[in-house]
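These are the residues of each chain, in order.
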Amino acid sequence: MTSHVADLADPPASPRARFPLRPELGFAKKVRPLGTPGFAAVKLFAPMAANTQQVVGPNKVVAVYFTLKNDAGEVVETNRRGGKPLIYLHGVKAILPGLEQALEGKKKDEQFSVTIPPALAWGDHRPEHVEKVLRSTLPADMNLQVGMLLRGTDPNGRPVAATIVKIEGEEVTLDRNHPLAGKTLHYDVIVAGIRDATREEAMHGHVHGPGDAHH
Ligand code: ZN
């Protein structure tokens, strides 16, 4: 639960190192720009008294539905249409800075749209994170395709990810930037719930769902 926006943007310790890679198909529809894994959305929000007017701010646990679109208006990710709400602890950078800023002060059931520049999202696209490798450095049984996301670990055991952007004969161009690096993001957001964080949640810096109260 400590993952935040910097994870994928960190430069690999050894950019040209070989590492075991696994393909992850259909990635374009499965990006997780919020970097907030492990949400347990079940029964985290009991109905609140009608006169309790909670406002999003530090030490609040917030549930949101959102749709993320790119500049072309295409949906990149959404948890509407039957998805579970995103539930996060406000004020600890569990979500993108631009989204957290936009949520500050909002009330339950409030809806809004926000446009987030790369600097408040996944940062600039860094050309030095694009590199060419030989096909032979990648597992031989892999059916490489442009757009495929490869995941692996570098020699220091740190997770790395790269998108295949070009295949030319024996040369494969990998982009280690986050897929949303350099992109302006357009979010439509609905605040589905707000509650006080428990003392433990505030101390730990994350939301506790059913089943992970002991750690
Ligand atoms: Zn905890």
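Residues numbered from 1 in each chain as written. Predicted model: local features only at pLDDT ≥ 70, side-chain atom pairs only at ≥ 80, totals over all residues.

Draft legend 1. Representation of the overall build of the chain within the structure. Helix and strand counts for the chain come out as 2 helices and 10 strands. In the chain, the proportion of contacts linking residues at least 24 apart, taken out of those at least 6 apart, comes to 74%. (Helix = DSSP H or I, 4+ residues; strand = E, 2+ residues; numbered from the N terminus. Contact = placed C-beta atoms within 7 Å.)

Draft legend 2. Summary view of unusual backbone geometry. The backbone of Arg 81 sits at a positive phi, close to 55°, despite the residue not being glycine. Relative to the assigned elements, Arg 81 resides in the loop between strand E3 (75-78) and strand E4 (86-89). According to the C-beta neighbour criterion, Arg 81 is exposed, with 8 such atoms within 10 Å. Positioned with a positive phi, Lys 93 is a non-glycine residue whose angle comes to about 60°. (Buried ≥ 20, exposed ≤ 12 C-beta atoms within 10 Å, placed from the backbone.)

Draft legend 3. Representation of the pairing of strand E9 (residues 171-175) within the structure. Strand direction decides the pairing type here: strand E6 (residues 130-134) and E9, joined by 5 bridges, are antiparallel. The residue of E9 that forms the bridge with Glu 131 is Leu 174. Sheet topology note: the strand E8 (residues 159-168)/E9 ladder contains 5 bridges and is antiparallel. Paired with Thr 163 across the bridge in E9 is Asp 175. Counted between consecutive antiparallel strands, the loop separating E8 from E9 contains 2 residues, among which Gly 169 sits at a positive phi close to 60°. (Pairing = 2+ DSSP bridges.)

Draft legend 4. Structural context of the environment of Lys 183. One can find Lys 183 in the loop between E9 and strand E10 (185-196). Given 21 C-beta atoms within a 10 Å radius, Lys 183 is considered buried. Measuring from C-alpha to C-alpha, the distance between Lys 183 and Pro 117 comes to 7.1 Å, with 66 residues separating the pair along the chain. The contact partners of Lys 183, leaving out residues within four places of it in the chain, are Asn 70, Pro 118 and Trp 122.

Draft legend 5. Examining the nonpolar core more closely. Ranked by internal contacts, the top residues of the largest apolar core, which has 28 residues, are Val 62, Val 64, Tyr 88 and Tyr 187. When residues of this core are traced back to their parent elements, those giving at least two are strand E2 (60-69), E4, helix H1 (97-103) and E10. Ranked by residues supplied to this core, first place goes to E2 with 6 residues. Ignoring anything within four residues of it in the chain, the contact list for Val 64 reads Pro 85, Leu 86, Val 189, Ile 190, Val 191 and Ala 192. (Core = buried A, V, L, I, M, F, W, Y, C linked by C-beta atoms within 7 Å.)

Draft legend 6. Main features of the confidence of the model for the chain. For the chain, the average pLDDT comes to 81, and 74% of its residues sit at 70 or higher. A low-confidence stretch, residues 1-42 stays under pLDDT 50, and its non-local contacts, those more than four residues away or across chains, total 82 contacts. (pLDDT = per-residue confidence, 0-100.)

Draft legend 7. Here's a closer look at the environment of Phe 66. Assignment of secondary structure puts Phe 66 in strand E2. As for Phe 66 and Gly 83, which are separated by 17 residues in sequence, their C-alpha atoms are 9.9 Å apart. Setting aside chain neighbours within four positions, we find Phe 66 in contact with Thr 78, Asn 79, Leu 86, Tyr 187, Asp 188 and Val 189.

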